[in-house]
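Each chain is listed here by its residues.
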Amino acid sequence: MVFQYPISEPMTSKIKYSVLIVSENNELRQSCQRLLTGSGWRVVCAENENEGLKRVRAQVPEPFSVAISGQTLSDSNKDTFLKQLFSLSPLTQRMIVIPSDKPEALIENINAGYIHA
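Described below are features of the structure shown in this document. Just so you know, these numbers come straight off a predicted model, no measurement behind them. Counting from 1, residues in each chain are numbered in the order their sequence is written. Confidence filtering applies because this is a predicted model: local features only for residues at pLDDT of at least 70, side-chain atom pairs given and counted only at 80 or more, and all residues used for totals across whole chains, interfaces and linings. Calculation of side-chain values draws on the structure's entire complement of heavy atoms; hydrogens and water are dropped beforehand.

A closer look at the sheet that holds strand 1 (residues 18–22)
Between any two strands, at least two bridges found by DSSP are needed for them to pair. Helix and strand definitions here come from DSSP, where helices need a minimum of 4 consecutive H or I residues and strands a minimum of 2 consecutive E residues; each element is numbered from the N-terminal end. Taking strand neighbours across the sheet as the criterion, the four strands line up as 2-1-3-4 in an open arrangement whose pairing is parallel. Strands at the two margins of the open sheet, each flanked by one partner only, are strand 2 (42–46) and strand 4 (93–96). Geometrically, the sheet is characterised by an average inter-axis angle of 20° between neighbouring strands, direction not taken into account. Relative to strand 2, strand 1 is paired through five bridges, and the arrangement is parallel. Within strand 2, the position partnered with Ser 18 by the bridge is Arg 42. Lying on the sheet, helix 1 (residues 26–38) is in contact with strand 1, strand 2 and strand 3 (66–69); it crosses strand 2 at an angle near 170°. Any two residues whose heavy atoms approach within 4.5 Å at even a single point are treated as in contact. Convention adopted: a line fitted to C-alpha atoms gives each axis, helices being fitted over their contacting stretch, and angles between N-to-C directions are expressed from 0 to 180 degrees. Its contacts with the sheet place helix 3 (residues 80–88) against strand 1, strand 3 and strand 4, and it is angled at close to 165° to strand 4.

Remarks on the nonpolar core
The nonpolar side chains of a soluble globular protein tend to be buried with one another. For the purposes of this section, nonpolar cores are sets of buried Ala, Val, Leu, Ile, Met, Phe, Trp, Tyr and Cys residues that join through side-chain atoms within 4.5 Å. Per-residue accessibility, obtained with a 1.4 Å probe over protein chains only, is compared with the maximum for each type, and a residue is labelled buried under 20%, exposed over 50%, and partly exposed between these values. Counting 14 residues, the largest nonpolar core has Leu 20, Val 22, Val 56, Phe 64, Phe 81, Leu 82 and Leu 85 as its most contacted members. Of all the elements in the fold, those that place two or more residues in this core are strand 1, strand 2, helix 2 (49–59) and helix 3. When residues in this core are grouped by element, the largest group, three residues, is from helix 3. Ranked by size, the runner-up nonpolar core spans ten residues in total, among them Tyr 17, Val 43, Val 66 and Ile 68.

Details of the side chain of Ser 18
Looking at the element boundaries, Ser 18 is found in strand 1. Apart from the residues within four sequence positions on either side, Ser 18 is in contact with Trp 41, Arg 42, Gln 59, Pro 63, Phe 64, Ser 65 and Val 66.

What to know about the packing of aromatic side chains
Only rings of Phe, Tyr and Trp enter the pairing, Trp through its six-membered ring, and a pair is recorded when the two centres are within 6.5 Å. The plane angle decides the type: under 30 degrees is stacked, over 60 is edge-to-face, the rest tilted. Enumeration over the complete set of coordinates arrives at one aromatic pair. Judged by centre distance (5.9 Å) and plane angle (50°), the rings of Tyr 17 and Trp 41 are tilted. Here Trp 41 lies in the loop between helix 1 and strand 2 and Tyr 17 lies in the segment before strand 1, a separation of 24 residues in the sequence. On the accessibility criterion, Tyr 17 (10% relative accessible area) is buried. Judged by its relative accessible area of 18%, Trp 41 is buried.

Dropping the structure here:
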């Protein structure tokens with residue numbers, strides 16, 4: 001059975017959309033959590049990749065609506081989290097937050113096909 005989100009439902013509906021925020025940056029996590037909680041989202045935060053993947057596994061069978069990764073990954077692990085997230089939860093929209101001085105990281109991740117924005 002594949003879980004599908006009702007695309008036409010506005011945020012004011014009774015459906016509680018959920019977002020996973022994965023970032024080593026505590027300030028980024030807290031800012032996103034305040035903003036999104038205030039807009040009606042159910043927000044789950046994780047400090048690192050492993051914690052984020054544990055949260056994704058615990059969320060089955062109802063996947064997160066969106067996962068936002070603010071991590072700067074090393075070359076050896078740069079797409080491991082996004083690949084595993086895609087494998088575990090293909091319906092979850094995946095976004096990354098990258099410093100403006102690192103456009104090549106954004107391009108690489110888009111080309112790998114593991115993010116939406």
